[in-house]
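# Working through the structure, step by step
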Amino acid sequence: MYRCKTLIVTEKEFASSEKRLSICLRSNGFSFSEVTLSGVLLTFGEAEGVHASSMTGVMADVKAFFASVGIRPLGYASMELIVLSDENVWVPDELYTPSANRQYLKLVGSTAATVMATPCKALASTAVYVASDSLATAFKVALPGLSVVNQHVKLATLGFERRSENHPVLVTHWREGVIDFAAFRDGRYIFGNTVRFASDSEAQFHTVEVLKSFGLENADTEMLMCGEVSRERFALLRPYFPMASLYTGSHTTFLNPAFKTLHTYKNALIL
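Presented here is a report on the structure given in the accompanying data block. Owing to the predicted nature of the structure, the values given are computational and were not obtained by experimental measurement. (Residues numbered from 1 in each chain as written. Predicted model: local features only at pLDDT ≥ 70, side-chain atom pairs only at ≥ 80, totals over all residues. Heavy atoms only, no water.)

### Some points on the sheet that holds strand 8 (residues 125-130)
What counts here: When DSSP finds two or more bridges between two strands, those strands count as paired. Comment: elements are numbered from the N terminus, with helices defined as DSSP H or I runs of at least four residues and strands as E runs of at least two. What counts as an axis is a line fitted to C-alpha atoms, over the stretch in contact for a helix, and the angles between N-to-C directions run from 0 to 180 degrees.
One open sheet accounts for three strands, arranged 6-8-7; its pairing is antiparallel. Both edges of this open sheet fall to strand 6 (88-92) and strand 7 (115-120), since each of them pairs with a single strand only. Adjacent strand axes in the sheet meet at a mean angle of 25°, parallel and antiparallel pairs treated alike. Sheet analysis places strand 6 next to strand 8, joined by five bridges and oriented antiparallel. Considered in strand 8, the bridge of tryptophan 90 is made with alanine 127.

### Observations regarding the nonpolar core
Most often, soluble globular proteins keep nonpolar side chains buried together rather than apart. Counted only if it meets this: For the purposes of this section, nonpolar cores are sets of buried Ala, Val, Leu, Ile, Met, Phe, Trp, Tyr and Cys residues that join through side-chain atoms within 4.5 Å. Partly exposed describes any residue whose relative accessible area lies between the buried limit of under 20% and the exposed limit of over 50%, with all areas from a 1.4 Å probe on protein chains only and scaled to the type maximum.
Grouped together as the largest cluster of nonpolar side chains are 57 residues, with contacts concentrated most on Ile23, Phe30, Phe66, Leu81 and Phe139. Ranked by size, the runner-up nonpolar core spans 18 residues in total, among them Leu170, Ala183, Leu216 and Leu237.

### A few points about the side chain of histidine 206
Let me state the cut-off plainly: We call two residues in contact whenever any of their non-hydrogen atoms come within 4.5 Å of each other.
Within the element layout of this structure, histidine 206 appears in helix 6 (residues 200-213). Since its relative accessible area comes to 15%, histidine 206 is described here as buried. Apart from residues lying up to four places away in sequence, histidine 206 is in contact with Phe181, Val195, Arg196 and Phe197.

### Considerations on unusual backbone geometry
For alanine 124, which is not glycine, the phi dihedral falls at a positive 50°. Among the secondary structure elements, alanine 124 is positioned in the loop between strand 7 and strand 8. For alanine 124, a relative accessible area of 39% corresponds to the partly exposed category. Positive phi values are uncommon outside glycine, yet aspartate 186 reaches one of about 55°. Residue placement: aspartate 186 occurs in the loop between strand 11 (178-185) and strand 12 (188-196). With a relative accessible area of 55%, aspartate 186 lands in the exposed category.

### Topic: the packing of aromatic side chains
Cut-off, in case you're wondering: When two rings of Phe, Tyr or Trp (its six-membered ring) have centres within 6.5 Å they constitute a pair, described as stacked for plane angles under 30 degrees, edge-to-face for angles over 60, and tilted for the intermediate range.
Under the counting rule described, the total for this entry stands at 16 aromatic pairs. Ring geometry for phenylalanine 30 and phenylalanine 139: centres 5.5 Å apart, planes at 90°, overall edge-to-face. Here phenylalanine 139 lies in helix 3 (residues 133-142) and phenylalanine 30 lies in strand 3 (residues 29-36), a separation of 109 residues in the sequence. Residue classification places phenylalanine 30 among the buried residues on the basis of a relative accessible area of 2%. With relative accessibility at 0%, the residue phenylalanine 139 sits in the buried group. Residues phenylalanine 254 and phenylalanine 259 carry aromatic rings whose centres are separated by 6.2 Å and whose planes lie at 50° to one another, so their mutual orientation is tilted. According to the relative accessible area criterion, phenylalanine 254 is partly exposed, its value standing at 36%. Phenylalanine 259 sits in the buried class, given a relative accessible area of 3%. Following the ring pairs from residue to residue traces out a cluster consisting of Tyr2, Phe30, Phe32, Phe65, Phe66 and Phe139.

Interpretation note: all reported values are geometric properties and have no functional meaning in isolation.
Written as structure tokens, this is what we have:
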């Protein structure tokens, strides 16, 4: 069963066809948002609780939760579930075979038994990653029309290519003990992966290594940080980049002043 931890809503009504619903799956629940197609942030919420052990249990809990917060997930222009994974590999479409998903991950040292895959048209590749297919499927059945991506597909399709036409861009999405990297240069996505770290100094080392390994050291390289970013982490990495800022998601406006209290950079993937 899921409990509502955080909920900010907008009283003004919009047709479902004018909105998109985004959900980010977490180990202890999920976060979600409703944003209009014109960029007005209408709803942000966090559900916490243990995911049910059965698919039918998850389905029932998801439906009950959204009913409890007054959301009828029907008729949206789009609905997306972002699955966070610590192991990911990109496979070019011309080489991709669905039956080889586990083998692709074995080649990078993974021993996981639960694997998912998401095609990315923008890169003509498929992301193969470790995740619970049954959990994602339960959400898809509970919310018909829901599409599933992982964080690397999401980061690769947020439009940073155009931003990188003038200067290299490195996006870092921080979670507990891991960083999701997405690097862009010359208008192209050139690298994306997840790196584990045991301390902030180790995270600093990995970030600088990515800079050097992928030719991102430039007089005007830009770094964007989102997720669990502390003042100390930002200050630690800021000296390595001519430009550095917090990434807060796509540009949104709001009608409810309560959204001023929301740390948008922590939830950039669904905003």
